[in-house]
Structure formats: structure tokens, C-alpha cells
Amino acid sequence: MTQPAQITLSHVEKRFGNGTLALRDMNLSIREGEFVSFLGPSGCGKSTALRMIAGLLEPSGGTITVNGREAGDGGDVSFVFQDATLMPWATVFDNVMLPLKLRGLGRAEARAQVEEALGMVGLTKFASSYPRELSGGMKMRVSIARAMVTKPRLLLMDEPFAALDEMTRFKLNNDVLELWRKQGLTVVFVTHSVFESVYLSSRVVVMGSRPGRVVHDLPMPEGPRDEHYRTTARYAETCRIVTEALEGTMDHVDINH
Amino acid sequence: MPVAITPTAPSADPALRRARQERRLRLLLPVCAISFALLMWEFLVWYNEVPHYLIPAPSLIARTLVENFGSLMGSAWFTVKLTLMSLALAISGGVALGMIFALSRPIEMSLFPFAVILQVTPIVAIAPLILIYVPDTFWALLICAWIVAFFPILSNTAIGLRSADHNLRDLFTLYRATPLQRLRYLLIPSALPYFMAALKIAGGLALIGAVVAEFVAGTAGQNTGLASRILESSFRNEIPLMFAALFLVSALGIVIFLVTSWLSTAVLGHWHESEIKRTR
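Chain B carries the name ABC transporter permease subunit in an unreviewed UniProt entry, which gives Paracoccus litorisediminis as its organism. Quoted verbatim from the Sequence similarities (unreviewed entry) heading of the UniProt record, the comment on chain B is "Belongs to the binding-protein-dependent transport system permease family." The record held by UniProt for chain B lists under Subcellular location (unreviewed entry) the comment "Cell membrane".

Taking an unreviewed UniProt entry as the reference, chain A is identified by name as ATP-binding cassette domain-containing protein belonging to Paracoccus litorisediminis. As stated in UniProt under Sequence similarities (unreviewed entry), the record for chain A gives "Belongs to the ABC transporter superfamily."

1. A few points about the sheet that holds strand 1 (residues 5–15) of chain A
Residue and element names in this part refer to chain A. In space, the 4 strands of this open sheet follow the order 2-1-4-5, with antiparallel pairing throughout. A strand with exactly one partner marks an edge of an open sheet, and here the two such strands are strand 2 (21–31) and strand 5 (69–70). Examined bridge by bridge, strand 4 (residues 61–66) and strand 5 share 2 bridges and lie antiparallel to one another. By the bridge assignment, threonine 65 is partnered in strand 5 with glutamate 70.

2. Some points on the interface of chain B and chain A
In this assembly, 13 residues from chain B lie in contact with 13 residues from chain A. Contributing elements (two or more residues each) for the side of chain B that touches chain A: helix 7 (166–174) and helix 8 (179–217) of chain B. In terms of residue count, helix 7 of chain B provides more of the side of chain B that touches chain A than any other element does, 6 residues in total. Classifying every residue of the side of chain B that touches chain A by side-chain character gives 7 nonpolar, 4 polar and 2 charged.

3. Remarks on the confidence of the model for chain B
All names here are of chain B. Chain-level pLDDT for chain B is 87 on average; 92% of the residues reach the 70-or-more range. Counting contacts from residues 1–11, a segment whose pLDDT is below 50, to residues more than four positions away or on other chains yields 1 contact. Overall fold confidence for the complex sits at a pTM of 0.82, while the interface term, ipTM, reaches 0.87.

4. So, the pairing of strand 9 (residues 203–208) of chain A
Residues and elements named next belong to chain A. Among the 6 residues in strand 9, 5 count as buried, and that is most of the element. Bridge count between strand 3 (residues 35–39) and strand 9: 4 bridges; the pairing is parallel. For leucine 39, the partnering residue across the bridge sits in strand 9 and is valine 206. As defined by bridge partners, strand 9 adjoins strand 10 (residues 213–219) across 6 bridges and the pair is classed as antiparallel. Note that in strand 10 the partner of valine 206 across the bridge is histidine 216. Where strand 9 folds back onto strand 10 in an antiparallel hairpin, the turn is made up of 4 residues, including arginine 210, whose phi is positive at roughly 55°.

5. Considering the environment of valine 206 of chain A
With respect to the secondary-structure elements, valine 206 of chain A resides in strand 9. Put simply, valine 206 of chain A and arginine 15 of chain A are 191 residues apart on the chain and 20 Å apart in space, counted from C-alpha to C-alpha.

6. Observations regarding unusual backbone geometry
In this structure, histidine 11 of chain A takes a positive phi of about 50° despite not being glycine. For histidine 11 of chain A, the position within the fold is in strand 1. Its identity is not glycine, yet glutamate 49 of chain B carries a phi of approximately 50°, on the positive side. Relative to the helices and strands, glutamate 49 of chain B resides in the loop between helix 1 (12–47) and helix 2 (58–67). A tally of 6 C-beta atoms within 10 Å means that glutamate 49 of chain B is categorised as exposed.

7. Examining the packing of helix 3 (residues 69–103) of chain B against helix 6 (residues 137–162) of chain B
Axis angle and axis distance: for two packed helices, these are the angle between their axes and the distance between the axes, and together they describe the pair. Residue and element names in this part refer to chain B. Where helix 3 contacts helix 6, the two axes come as close as 6 Å, and the packing angle between them is 35°. The hand of the helix 3/helix 6 crossing is right-handed. Here the contact of helix 3 with helix 6 is built from residues that sort into 21 nonpolar, 6 polar and 1 charged.

8. Brief notes about the sheet that holds strand 10 of chain A
Consider a sheet: its strands pair through backbone hydrogen bonds, and that pairing is either parallel or antiparallel. Residues and elements named next belong to chain A. Across the sheet, 6 strands lie side by side as 6-7-8-3-9-10; this open sheet has mixed pairing. At either margin of the open sheet sits one strand with a lone partner, and together these are strand 6 (77–80) and strand 10. Taking the axes of each pair of neighbouring strands and ignoring which way they run, one obtains an average angle of 15° across the sheet. Here helix 7 (residues 233–248) sits on the sheet and contacts strand 3, strand 9 and strand 10; the angle it forms with strand 9, its principal contact strand, is near 20°.

9. A short note on the UniProt feature "transmembrane region" (unreviewed entry) in chain B
Residue and element names in this part refer to chain B. UniProt's entry tags residues 27–47, 82–104, 111–133, 139–164, 185–213 and 241–271 with the feature "transmembrane region" (unreviewed entry), counted in the numbering of this structure. In the segment residues 111–133, helix accounts for 91% and strand for 0%; the C-alpha atoms at its two ends are 23 Å apart. The span residues 241–271 shows a helical share of 90% and a strand share of 0%, and its end C-alpha atoms are spaced 46 Å apart.

So, how was this worked out
Residues numbered from 1 in each chain as written. Chains lettered and ligands numbered in written order. Predicted model: local features only at pLDDT ≥ 70, side-chain atom pairs only at ≥ 80, totals over all residues. UniProt positions renumbered as here; feature names shortened; annotations may be inferred. Pairing = 2+ DSSP bridges. Helix = DSSP H or I, 4+ residues; strand = E, 2+ residues; numbered from the N terminus. Contact = placed C-beta atoms within 7 Å. Nonpolar A, V, L, I, M, F, W, Y, C, P; charged D, E, K, R; others polar. pLDDT = per-residue confidence, 0-100. Buried ≥ 20, exposed ≤ 12 C-beta atoms within 10 Å, placed from the backbone. Axes fitted to C-alpha atoms, helices over the stretch in contact; angles between N-to-C directions. Left-handed = near helix turned anticlockwise from the far one by under 90°.

Structure representation (C-alpha cells):
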């Protein structure tokens, strides 16, 4: 584990226009090939941190470096939103093709890459469907295919499966793990589910709220991740440790906030 | 104990038959209702011996329409030209200004009051002034009709261009879309449902504007439309001709409505909720 840092956050602070301090003094270094989860209660700034890494938000203080450049300049970054965020007027094929189209590629040039991305998520047969014809899980898979079509080095996911039912979520968890392993990606995954973060990640960053900050940085045990892993004692034990770490951040938080 | 499960899913055949039947009813019922109303009208006029200068029978109106076909068609063409040109101007002007509004808040805040003033002041009240200032009657009428049709296009285009999903906007930012790409692939498709709704309204309003303006202008011009024919025949007490011209005006309105509705379905039918038929 001596790869250089792919993402560096140093003394990052974010204060919104209305004065809310969303994130205070966040320091973090993520190496290439890691699967890092940001775990925390709502309002802990985990999505804000992710958006700043993507370059969609400007930090009010500190610096963020991605792929050796300032966040937002790097390219080679893909983002998966909480809802699938598909264009309802475009077919699945055109939705997945969007990043390539914005780079100036024509339909014929993009075809092979789009089909490969659709193949990764098992939606080859639905290329000509419209988003409204798909289930929630399928829409999310289209969204992942769109993120993967540019072969990014870094995949950012903002609570992507929060709105899905458990069975679909488990299936998509495995899909993402497989993509991570096969494509050699770095993944930063925002979630509020302890079980999801422990199952997926090589490292869990536990965050606290008011103001948003990093409280714990926990490495996860290595080993195969599959349906069997969910039932092992080690998984249960890790979940317990992470849950305790998370609860430690919520002492002063009113449950009705 | 084994339970026999009968398939509850309806087979395709009855559903198809029902759909066909509904389509037939959709055409048949209005046609029957209108025919019945016309027959009643004809019968009541004949039975009560109503003089034709009060209420002409449909048959007389039809005959008048055929006898004056040439001149009525000339007037209809004038009205069609006026309506379509004002609609075209309203679309180009409304879309252009709507885009500027969507791009710049300060410009919108400065200019929107003017648009509202034009919209809320009744066209009948502005028309005499326009007729004084604009020497050419056709252009004066065109401006009147344009004012009426312009506002819905403007406001809906401005709202529609702003209605693009925020996450999709972020996605376009992430992939460094150029402003033109953003407009073409995100803002315009997002605005289309709003624009189509405005077009349906503006189509009808352009016709109303054209007719009202012509009423205010009277029969001043040489080349006059259906509204002046209605006025002219009312002065001469030619009631059947009035009805014939009126019939053409509503026929025109119906055609505009059908065309804009068809266009809306053609453009949005494959994706937008408003045009999708749900199966039950």
C-alpha cells in the first residue's frame, strides 16, 4: 500500500452562503484503488465533501487535490447521484452516451463504448428503452453505466442506493464491488448505512455533524466480499465497531433535529 | 389441498378490442351529438318559421357558404395569414426573450413588467392607439395579435429553461459541457413541455387577437379578414353570411387546436408524463 495519494484534502472547510458551517478542517488522503465510504448522520457534510472532490462545490478554505490537480480540473472523474438523474427524453443508450457526446464523439464512434458500459451492468437489451419504462434499480444501473462509460479512474457515489429496496441494494452493492475490482477504480461512496459501508469499503471514514468533521478513519478487514461475508462473525463484529464509532459522534445530536 | 389458480391477467385480445371500441366512440359520439344539434336547429327553425334574418337554418348557412365561397375564402386566407404570422412572431420573439430572461436575472427583472403590462391591458383598449400609430392596417393588426400571443410563450419558455434538473446540471458541469451543449442537450429538452403547453394556448390566442383587432379596426382596409366580414354583414343584416363567416372562424380555431395538440404529442409523446397513455 505505497501508491501515491489520488485525492488529498487538507484543512478543507465549507461555509455556505447562509452561514452554515458544513465542514470543518477535513484532512484526508485517499490512495489509488481504495474503496472509501463516508459514513455519518445527515448534516455531517459527507455529501458536501464529495461534491467538493468532484469540483461541483468550491471549498471556502483549504485545498483539494484530485489526480494531482485542483478538484474540478482533473477530469477522469465520474459521479453517481442519489437518484438516477437520467434525462427522461432520451433512451438508455443516449443517456449512457451523454459523457462521450459532451466530449464531441459521434454516435458511431461511441457505440462500442456505450455497449460495453451497458454490458457491465447487464442492460444491453434495454438500450432503446426510455427511463420511465425501467424500475428504480435498473435506472440506477443506467446511471452507473453512464458513470463508467468514460472509464474514469475515480468514481464518486452520493448515497446511490438509499432509495432502493434491500434486495436491489444488495445486488447493486455486488455490482459496484465487481466494477471496483475489475476496473481498478478508486471509489468514494457516501452512505448513512453502517452495513453497506462495512460490506463495501476498504476504509470507512466516520463523520460527525454540527459542524461536519471527520471523527474516525477505520480500515476494514481484507478478504473476499460476497453474500457469504454478510453472515460472518467478522462482518458482524466490524459493523458493531463502526456503529459504536458512529454513535459516539451523535452524543449531542437531538434525535429530532 | 391443491388450489386451482386461474390466470387473472387479461389476454391481449379483449384489451385491444376495448381500445378500438374506445377510439371509435371517441369519433362517433361527438359526430352524433353535433349532427343531432344541427338537425334540432334545422327542425326548430322550420317548425317555428323563424325568419332567416333572425336565426338562419344550418342548410341556409351552408348554402350561403357555398355561394360566397370565393370571397369568404379570401377573407379566411387573410385571417389565417394574420394568425400564423403573429404566432410565428410570438414564438420567435417569446423564445428569444425567454432565453435572455433565463440567462440573466437583471434583464428579466427589468423587462418583465413591460411584458406583464402588455399582457394585462386588454387588447381592445390598446388596438385603437396602435391603429393610429401604425399606418399600414395589416401591420397594425399583426402587432395586436402578436401582443396577445406573445406572453404565454415568453413566460413558459423562461420558466421551462430554468426547470432543468439540478443534478443533471451538475452532471453537465462535471463533464465540462460548453454553454451551447448545455442549451441543446439539457435546457431545450427540459423546456419543451412548457413550450408546448404555451404553444397550445398561444395558437388560440393568436386567432382571438387577430379577430379582435380586426373588429376594432373595422372595415378600414381593402384586404379584410373574417372578422370584418362578420361586421360588414351585420351592418347589412345578412345574418346567414355572418353565421357562415363565424363558422369559418371556429373551424380555423379547431384546426389550430388540432395541429398544436398533434405537434405536442409528436414531440413529447415518447417521454413526457402529460402525453403518455397509461394502461389500466
